Amino acid sequence: MILRKCLLIIALLCGFYRYAHAQQALKGTVQDSTGAPLAGVTVHVKGATTGTGTDAGGNFSLSVPADAVLVFSYIGYQTKEVPVGGQTTLKVTLSSSTAQLQQLVVIGYGTAKKVDLTGSITTVKGEDLARMPATNPVSSLQGKVAGLTIVNSGRAGTSPTVRIRGVNSTNNSNPLYVVDGVFQSNIDYLNPADIESIEVLRDPSSIAIFGLQGGSGVIIVTTKRAAKGETRINFQSNVGVQHVTRKIDVADAAGFKRLYNAQRENLGDDPFDFSNYTANTDWQDLILRDAVINTNTLSISNSGDKTTTYVSLGFNNQDGVLKYDNYKKYIARINEEITINEHIKVGADLTGFYWSQQTPGADLNNALWAAPVVPVKAADHLYYSMPSFQRAQVGNPVARLDQNTGNAINNGYRAIGNLYAEIKFLQHFTFKSAFYADLGFDNNRSYTPLPFRYINIAEGDAATDTTFDETARTSVAQTQTQNRKFQQDHTLTFDETFADKHHLTVLAGFTTLYSSSMNLTGNRKDTVLNIPDNPIYWYLDISNQRNPGTYGGGGGEEAYMSFLGRVGYTYREKYLLNATFRRDGVSKFSPAQRWGNFGSLGVGWVASEEPFFKDHIKGIDFLKFRGAWGQVGNALGTDNYLYLPVLNIADVGVFGDNVYPSVSPKYIPDPRLHWEVVNGIDLGLELRALDNRLSADINFYNRTTKDILTYVTLPGTAGNYSYYTNLGDISNKGVEVSLGWSDRIGKDFTYSISPNFSYNENKVKSIGNEIDFELLGNGGVNRTATGSSIGYFYGYKQTGIYQSEEDLDRMPHLSNSRPGDIAYANLDGDTAITPGDRTYLGTPFPKLNFGINLSFGYRSFDLLIEGQGVAGNKIYTQRRNVNFAVVNYETNRLKAWTGPGTSDVEPILDNTRSNNLLFSSYFLEPGDYFRLRTLQIGYTFRPQMKWKTGIRQLRVYLSGQNIKTWTKATGYTPEAPLDNPIASGADNGVYPVPAVYSMGVNVTF
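Quick caveat: nothing in here was measured; it's all calculated off a predicted structure.

Asks: Sorry if this is basic, but what is going on with the environment of Ile951 here?
Replies: Tracing the chain through its elements places Ile951 in the loop between strand S54 (945–947) and strand S55 (953–967). Measuring from C-alpha to C-alpha, the distance between Ile951 and Phe1005 comes to 4.4 Å, with 54 residues separating the pair along the chain.

So, in structure tokens, the structure goes:
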């Protein structure tokens, strides 16, 4: 229905046009910034085939509509659009493409010209994000920025995992988001169409001014404001269908029966009687679906002599590809700025955000594990149960979804606002004060219904029967969460140019931040009566007050106070110097450890401005070398008050008739505990060459995080206690390369190519060296220890399969190994396979990230192709490492060992041989992939068409995302979770990242 409506709207818009005023003769001249004429400049009417070129004197003549827009383009110069507006003569000045380096880039607490930067900052335009069918704007950054790793999820409403230049801590490695000055941990509440630009700050010199919260990098988001001097109404809409292109290959009914009976034969059991199991059910097909995603934004901007106003309304709706998965968000935003006089202006921003989410009542694993021999259901609320060999552990996947879906209400409200004032005085000084507030309220009510009735199919002598859990009772649960944040920033800036060659900018500031959270939760089950399946009854007080319930709650608060400063100096835009300082205080740590100093120093040399360069080096238009050092803290996400003792209820002691409770410390506090410290060096080169058609940005970095916050388990006389302290250093070294080439062929065809790649080497330089310390994650699968990368895979290395008793006689093995078992490498030199043979098996974190952007334009058509991928990491197929029940087999088990010479990879079918379930390289697969991320074709309607509806511009497009992925990974997606630094990379039935086929419209009135 949504798709049909969009098609109808586009058809109506395309039908409301007529040609504009009569053609008129137009003459003009094109020159450069020095006044010299430019020959060979392409001049054409925007969106039309009409065009010409300038002669040797820079002159042109053309017949155009009176309301046409002319596009002037020339290699090495910025393309410029000029409205004719009824004029008969034009004089146009084109700026060199290097003038783009004069554009302002948003940095911490201000802006700077790109040419003056001494750090690594990449800008992504908001229009490049808005055209993508995604509810979270960060998802669309994937593959666009060198050094930025993004792991997406197809689950509706889920935020991506973001890493900048690798993982720099065993704790929180998430970046800080700064939205119009407000510090945030995510930007889920933003509408992609409301974003003007995103700056990704990667090096410590750029992020040092953010102090304790910037240690893992900073992403600055600038939202849209009204353009001066005009009123505009803009509507953007995109509707698409999500489709799972990769399913996990599991056995069908025939394959399952063969493999299960082969397993029973290996165990010495008789074949299972499948006589009554005649179904061939594809559980994945039944619980997955094609799902709709839809984003809509309506914005109105108005600008007068004294005021500017921007208002936008957004609605995003995403159905997940797992049935019943849904996420909706509604966004309303208003920005108002008033210029009181030439010295004073005030303004305000307010964003309102409401979300609601329906989560599926089951995960994907059940569909992978359930035997395919069982039919789905016989009637409403009457389903078939699994065979006896997995009935107690694996449920009917469709029944679990149907029973547990629609039984929860999850929603939340959020309001983010700020007030600011800016005063300019004494010609070169600007004082700005801003006050921010962020209030969030989340609510959850859930209901546990009565179970369905199940049919147990007859097996052997047992007859078919129907079961129902008569002891089951309904229950309800409630959770409420409140989050509050208040921030104030006050800055004074001095900006002056001396003698036309010295430019000095000095910033001083004071800022505070307070945040708190609180949650209350409870659940109750009625032991006598069942609570009705109706949301009006899903409250804790509906149940009998004397029935048992569990209740809990929590919360916390933290505060920051900071003093900051920055000095920027340039000499003839040739020699650059930037220095920053921040003194931060935070309530998280003890009073003696709350304050710290951070800073950075950056220098740059624009070699292309030197006289010798201009006289002797041709073909290079711009060349800058830069270097920077910075120190910043990392306390983002760290728990509060860890320097204080906390006691847990422990065992009880019985002395005679008396029972005495006991307590034990949750951890041993360290009064010297403090934040992690990040030091980094960054060296870079920026190049523009061949009439600015070629661009290159190359960075080398070396970043070290010291004093990692770590729990250490210490042996004690009465048990083992955790000691939370600063322990260890982690380094990340790497290189980032961003290249670009743009050119024009003839007057109608343009193209650009922008590849990027980055390499990162992560290493734990030290962590508890004196106490033989290690951090283990995911049950020991991941290990963090001195000398290797953080959270690496740690296990046995498979060398093959023991084919015979002779192999066991001549090869080291486990004490219970038999023919058909996995053979492991003997690495410690003894005569047996022992835990000492476990070793480094790879890292879950990609060493290489790469992306490429290809764009083409021909007259009114545009084509965009984006690719993205990673390499150098491994994925743990944890979904295969199952021993709690007999589950369905993935098709790799069709090649299981059945006798000497039959397989050297797949072990025998026997789930009682636990040594084959030990974590080893057998369960790892390459995480490398390359994905066709975007394929989009658009058409912008010609401007000489006069729209009856007052439309200024209309673009329609068709788009495909995640269309094809090349990988050796066998899961739904090669993007395994990387959220936990010490326990990442496990595919436990990871939610699919679907292909999205969409169409969209962008219309401006």
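Asks: Looking at this model, I keep getting lost on the sheet that holds strand S23 (residues 377–379). Mind explaining?
Replies: Backbone-to-backbone hydrogen bonds join strands into a sheet, with any given pair of strands oriented parallel or antiparallel. Pairing within the open sheet is mixed, and its four strands lie in the order S23-S24-S27-S28. The open sheet is flanked by S23 and strand S28 (465–467), the only strands paired with a single partner. Pairs of neighbouring strands in the sheet enclose a mean axial angle of 30 degrees, with direction left out of account. Pairing between strand S24 (residues 382–384) and strand S27 (residues 453–456): three bridges, direction parallel. Within the sheet, the bridge partner assigned to Tyr384 lies in S27 and is Ile455.

Asks: Help me out: how do you make sense of a nonpolar patch on the surface in this one?
Replies: Among the surface-exposed residues, Leu577, Leu601, Val603, Trp629, Ile681, Leu683 and Phe700 lie close enough to one another that they form a single nonpolar patch of about 640 Å² accessible area. For the nonpolar patch, the elements supplying multiple residues, two or more each, are strand S33 (595–606) and strand S37 (676–689). Positionally, Leu577 belongs in strand S32 (residues 575–586). The class for Leu577 is partly exposed, based on a relative accessible area of 35%.

Asks: Mind showing me how you'd approach the environment of Gly728 here?
Replies: Along the chain, the position of Gly728 falls in the loop between strand S40 (721–726) and strand S41 (729–745). Note on Gly728: relative accessible area 11%, which makes it buried. For the pair Gly728 and Tyr330, spaced 398 residues apart in sequence, the C-alpha separation works out to 44 Å. Excluding residues that lie within four positions of it along the chain, Gly728 makes contacts with Thr705, Lys706, Asp707, Ile708, Ser766 and Ile767.

Asks: Explain empty space enclosed by the protein to me, please; I cannot follow it from the model alone.
Replies: Left-over empty space is what a probe sized like a water molecule reveals as it rolls over the atoms. Enumeration over the complete set of coordinates arrives at nine cavities of 30 Å³ or more. Put simply, the largest cavity is a space of about 450 Å³. Around the largest cavity, the lining is made up of 25 residues, and of these Arg880, Val882, Tyr889, Arg893 and Leu917 lie nearest the centre. Of the residues contributing to the lining of the largest cavity, the split by class is 14 nonpolar, five polar and six charged. Pro133, Ala134, Ser139, Ser153 and Gln318 are the residues nearest the centre of the second largest cavity, which is lined by 24 residues in total. Secondary structure elements with two or more residues in the lining of the second largest cavity: strand S53 (929–940) and S55. When the residues that make up the lining of the second largest cavity are grouped by side-chain class, the tally is six nonpolar, 14 polar and four charged.

Asks: Please clarify how the packing of aromatic side chains should be interpreted in this entry.
Replies: The geometry of two aromatic rings is summed up by the distance between their centres and the angle between their planes. Inspection of the entire model under this criterion finds 43 aromatic pairs. Each ring, one from Phe60 and one from Phe72, has its centre 5.7 Å from the other, and the planes form 70 degrees; the classification is edge-to-face. You can see Phe60 sitting in strand S5 (residues 59–65) and its partner Phe72 sitting in strand S6 (residues 69–73), a full 12 residues away along the chain. Take Phe72: its relative accessible area is 0%, and that puts it in the buried class. Pairing Tyr792 with Tyr840 gives two aromatic rings, centres 5.1 Å apart and planes at 45 degrees, and the pair type is tilted. Taken together, the residues Tyr792 in strand S45 (residues 792–795) and Tyr840 in strand S48 (residues 839–842) connect sequence positions 48 residues apart. For Tyr792, a relative accessible area of 4% puts it in the buried group. In this structure Tyr840 comes out as partly exposed when scored by relative accessible area, which is 35%. An aromatic cluster is defined as three or more aromatic residues linked by ring pairs; in this entry it consists of Phe256, Tyr260, Phe272, Phe274, Tyr277, Phe389 and Tyr889. Against the face of Tyr420 rests Lys432, its NZ or CZ located 5.1 Å from the ring centre.

Asks: Got a minute to help me understand the layout of surface pockets in this structure?
Replies: Empty space within the second largest pocket amounts to approximately 1,200 Å³. Around the second largest pocket sit 50 residues that line it, and Ser185, Asn186, Arg414, Asn483 and Lys485 are the ones nearest its centre. For the lining of the second largest pocket, the residue count by class is 17 nonpolar, 21 polar and 12 charged.

Asks: How should I be thinking about the sheet that holds strand S3 (residues 42–45) in this particular structure?
Replies: Spatially, four strands are ordered S4-S3-S6-S7 in an open sheet, and the strand pairing comes out antiparallel. Bordering the open sheet on either side are strand S4 (51–53) and strand S7 (80–83), each of which pairs with just one other strand. Going from strand to strand, the sheet's axes swing by 20 degrees on average, the running direction of each strand aside. With four bridges connecting them, S3 and S6 associate as antiparallel partners.

Asks: Please clarify how the nonpolar core should be interpreted in this entry.
Replies: Side chains that are nonpolar tend, in soluble globular proteins, to be buried together. Of all hydrophobic cores here, the largest spans 45 residues; its most connected members are Phe256, Tyr260, Phe274, Ile287 and Val373. Ranked by residue count, the leading element in this core is helix H4 (residues 253–266), at four residues. Ignoring any residue separated from it by four or fewer positions in sequence, one finds Ile287 in contact with Val321, Leu322, Lys323, Leu364, Ala367, Pro397, Val398 and Leu401. Grouped together as the second largest cluster of nonpolar side chains are 35 residues, Val178, Leu212, Leu507 and Val586 included.

Rules behind the numbers
Residues numbered from 1 in each chain as written. Predicted model: local features only at pLDDT ≥ 70, side-chain atom pairs only at ≥ 80, totals over all residues. Heavy atoms only, no water. Helix = DSSP H or I, 4+ residues; strand = E, 2+ residues; numbered from the N terminus. Pairing = 2+ DSSP bridges. Axes fitted to C-alpha atoms, helices over the stretch in contact; angles between N-to-C directions. Patch = residues over 30% accessible without salt bridge, like charges linked within 9 Å, V, L, I, M, F, W, Y side chains within 5 Å. Areas by Shrake-Rupley, 256 points an atom, 1.4 Å probe, with all protein chains shown as cover. Salt bridge = Lys/Arg side-chain N within 4 Å of Asp/Glu carboxyl O. Buried < 20%, exposed > 50% of the residue type's maximum accessible area, 1.4 Å probe, protein only. Contact = heavy atoms within 4.5 Å. 1 Å grid on protein atoms, 1.4 Å probe; cavity = no way out; pocket = protein on both sides within 12 Å on 5 of 7 lines; lining within 4 Å. Points joined across faces, edges and corners; volume = space filled by probe spheres on them. Nonpolar A, V, L, I, M, F, W, Y, C, P; charged D, E, K, R; others polar. Phe/Tyr/Trp six-rings, centres within 6.5 Å; stacked < 30°, edge-to-face > 60°. Lys NZ or Arg CZ within 6 Å of the ring centre and 35° of its normal. Core = buried A, V, L, I, M, F, W, Y, C linked by side-chain atoms within 4.5 Å.

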